[in-house]
Amino acid sequence: MMSIHAKETSIVTDLALAPEGHLKIEWVAAHMPVLNRIREQFEQEQPFKGLKVAISLHLEAKTAYLAKVVQAGGAEVTITGSNPLSTQDDVCAALVEDGITVFAKYNPEPKEYKELLIKTLETKPDLIIDDGGDLISILHAERQDLMTQVRGGAEETTTGILRLKAMEKDGELKFPMVAVNDAFCKYLFDNRYGTGQSVWDGINRTTNLVAAGKTVVVVGYGWCGKGVAMRAKGLGANVVVTEIDGIRAVEAYMDGYTVLPMIEAAKVGDIFVTVTGNRDVIRGEHYEVMKNGAILSNAGHFDIEVNKPELDALTAEKRVVRRNIEEYKLKDGRSIYLLAEGRLVNLAAGDGHPAEIMDMTFALQAMSLKYVNDNYKALGGTVVNVPYALDEQVARFKLESLGIGIDKLTEEQKTYLESWTEH
């Protein structure tokens, strides 16, 4: 039943799109057993009763279901997108019908996009789920008047955690934020298997080209980079990894990949995927030596990993040749193709991570939000790790949903592990 408040307050493209959005949400909900189990707990315990929760995440069906789970815990939920091109208008409409206030549209202008973030904050939330740190950054840098009720929150991404830790270091973070991205059940599965599959879903769907036999350059060998490289290899590609970290570079080498500096990798790559969380990792000097027909894509949070201004400076003509593919016709006659405007290719040009993967990540988000609400007075303005017990509980829920059992320590084994005199 549609909430009158949500309907009157929300800013979405078209409420008539709701039926298709409901179908999408129902599909993912049927494939998210861990989150379903947490929803049952929340419905009984009502941990967020009387509280306002603001969410900024990639606003598609899986995120929508997380919002509904938080709502089931008693919260008044307001949600916005964390990327202009990943918002799905039909999902937004469905959420409004379900009583959730939505400030989000597909591909708004940059000014409107920020206005939608601010409108979300103007609800004066008690708790926040953020992706990339945009809500938290705006609160601290521009609108401290809107943080009077904030108890804390949870952050989804590497990029956001880097921003939060910088704020903490400078003594500027005013409330606790749980670093969900650093949890085992996030980076081991979401970053590796989720990013690995969804990036190639997006690239393959968008280009309709074969990966086998091509040289794929993976820029960055963190957990996301590991997943992208692993799936590229599985598709039959020749994989090159670029890195700035010596340990990760050795790891990539021992995993069977060629490791090169970016200036050398730029000469041989057919498809490039950036996954660093840093800016300008592909830039002018690299464009100068790339093959005609090279394809560039980004799987980092912001559209700054591929330097677009420097590509524009080398370009004589630019056109859209296929949805989510821009051709940059360089002054020397070569063409370089950029996917999804350099934004997250797996979400801007695809549906993001598989539902079963986001089931674990969003279970961590929901449980971390409850954890920070229960402990915010003691935690203070810090970046907080997900407690291991909570992390492992998500894994156990996942195993149970798969019908998989594992062993338990005997009392003798526990005693042995806890004693320094046993041998």
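What counts, and where the lines are drawn
Residues numbered from 1 in each chain as written. Predicted model: local features only at pLDDT ≥ 70, side-chain atom pairs only at ≥ 80, totals over all residues. Heavy atoms only, no water. UniProt positions renumbered as here; feature names shortened; annotations may be inferred. Axes fitted to C-alpha atoms, helices over the stretch in contact; angles between N-to-C directions. Helix = DSSP H or I, 4+ residues; strand = E, 2+ residues; numbered from the N terminus. Parallel < 35°, antiparallel > 145°, perpendicular 65-115°, else oblique. Left-handed = near helix turned anticlockwise from the far one by under 90°. Contact = heavy atoms within 4.5 Å. Nonpolar A, V, L, I, M, F, W, Y, C, P; charged D, E, K, R; others polar. Buried < 20%, exposed > 50% of the residue type's maximum accessible area, 1.4 Å probe, protein only. Pairing = 2+ DSSP bridges.

- Per an unreviewed UniProt entry, the protein is named Adenosylhomocysteinase, and its organism is Paenibacillus plantiphilus.
- Note on the protein: under the UniProt heading Function (unreviewed entry), the record states "May play a key role in the regulation of the intracellular concentration of adenosylhomocysteine."
- Looking at the Subcellular location (unreviewed entry) heading of the UniProt record, one finds this comment for the protein: "Cytoplasm".

1. Quick notes on the packing of helix H16 (residues 355-379) against helix H17 (residues 388-402)
Okay, step 1: Contact pair H16 / H17: the axes reach a minimum separation of 10 Å and the direction vectors enclose 140 degrees. Between H16 and H17, the angle falls in the class oblique. Every pair of crossing elements has a handedness; the one defined by H16 and H17 is right-handed. On H17, the residues touching Glu356, Met360, Ala363, Leu364, Met367, Ser368 and Tyr371 of H16 are Leu390, Asp391, Gln393, Val394 and Lys398.
Okay, step 2: For the contact of H16 with H17, the residue count by class is seven nonpolar, two polar and three charged.

2. What to know about the pairing of strand E10 (residues 271-274)
Okay, step 1: The alternating pattern of E10 places Ile271 and Val273 and Phe272 and Thr274 on opposite faces, both of which are buried.
Okay, step 2: Alignment of strand E7 (residues 215-219) against E10, held across four bridges, turns out to be parallel. The residue bridging Val219 from the neighbouring strand is Thr274, located in E10.
Okay, step 3: Two strands pair when backbone bridges link them, and E10 and strand E11 (residues 294-298) are joined in this way by four bridges, in the parallel orientation. Within E11, the position partnered with Val273 by the bridge is Ser297.

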